[in-house]
Every structure is written in structure tokens, then in C-alpha cells.
Amino acid sequence: MINFIGTYDCKADSKGRVMLPVALKNQMSPVINDGFVVKRSVFQPCLELYPMAEWNLLMQKMNKKNRFKKKNNDFIRRFSAGVKVVEIDATGRLLIPKNLVDVAGIVKEVVLSSAINIVEIWDKDNYEKVLEETAEDFASLAEEVMGDDDDDLS
């Protein structure tokens, strides 16, 4: 499992190409030749970039769902809508498919934000708006999400 670190400001060109910052590209080097999957986020107006190995682990989990339950089929269809396999080219650029650029509302300024084992791809204005909207609630969210675990995280 790979863990990405950092938040990076980038620019997207008119074709949806984003030059990866060197620091992020270096973190991706162990998995860069395996390819990536990009998809729309379930909860936010952004995209998610999965290293292929992480995507395959997720697909193994999803493949265990009973397809004879309508809600499972509906979820799988919706979850995989617009999913694309992408690569980082020799110059370190990621080409985001046009339909996904539109889904995320990416205009020009882009934020690549690590989210443990994936990278979120945001339009900069949307990213800053979401951070601002959730800033006040972050302490209580952190307590709710992380505070109930019995594991020692310190």
C-alpha cells in the first residue's frame, strides 16, 4: 500500500493535462508504470486518482457484493460511471478525460490533494470552498471519526 503526502497547486491546460509536481511524481514512482484509475468522487465535487493496485483491491471488495440485490447493482453502476484508466506520460503529465474535467468543474487552477492511498483532483476554487465550509466542524469531526477507536494513535 502506498501513502501519498502533500497538497499541490497545479494548472490544467485546455486539453485537461496537469503537470505533476516533482514531489508527488517521486512518491508515485513505485507504482507509476502500473497506471492509474480516475473517477468521480462519491461525496465531493472532485476526482479521485487511484494507483492500479489500490483500484484492484477496491474492485476485489466490490466484486464480493451480491449482484442479485438491486441496491448493490445500482451502487456498482453509479460508482463506476465515468471511470477511466489513465497514465502519467514521460514528461510527468496526467491527462484528465474531458468528461471528468467537466464533472469536477476544473477550469485552470487545480489542487492535487493526497488522501492516504489516493490523490484527489480538485478545481482550486471548489477545494478552497469545501475547506472553508468544513473548517469549523473539523475538530468535532476528528473527535467523532478518530476519537472512538481503542487503538493507540499517538
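How each quantity is defined
Residues numbered from 1 in each chain as written. Predicted model: local features only at pLDDT ≥ 70, side-chain atom pairs only at ≥ 80, totals over all residues. Heavy atoms only, no water. UniProt positions renumbered as here; feature names shortened; annotations may be inferred. Helix = DSSP H or I, 4+ residues; strand = E, 2+ residues; numbered from the N terminus. Rg over C-alpha atoms; globule rule 2.2 N^0.38 Å. Buried < 20%, exposed > 50% of the residue type's maximum accessible area, 1.4 Å probe, protein only. Areas by Shrake-Rupley, 256 points an atom, 1.4 Å probe, with all protein chains shown as cover. Salt bridge = Lys/Arg side-chain N within 4 Å of Asp/Glu carboxyl O.

The name recorded for the chain in an unreviewed UniProt entry is Transcriptional regulator MraZ, from Arenibacter echinorum. What UniProt records for the chain under Subcellular location (unreviewed entry) is the sentence "Cytoplasm, Nucleoid".

1. A few points about the overall build of the chain
Of the regular secondary structure elements, the chain holds 6 helices and 8 strands. Over its C-alpha atoms the chain spans a radius of gyration of 17 Å, differing by no more than 12% from the 15 Å that the globule rule assigns to 154 residues. Dimensions of the chain, computed from C-alpha atoms along their principal axes, come out at roughly 45 × 40 × 30 Å. For the chain, the proportion of its 154 residues judged to be buried stands at 35%. Of the accessible surface of the chain, which amounts to about 10100 Å², a share of 53% is contributed by carbon and sulfur atoms.

2. Describing the pattern of salt bridges
Following the criterion strictly, the structure yields 9 salt bridges and no others. A salt bridge links arginine 93 to aspartate 89; the shortest N-O distance between them is 2.9 Å. You can call aspartate 89 partly exposed: its relative accessible area is 28%. Each of Asp9, Lys124 and Glu128 takes part in salt bridges that share partners, so that together they form one network.

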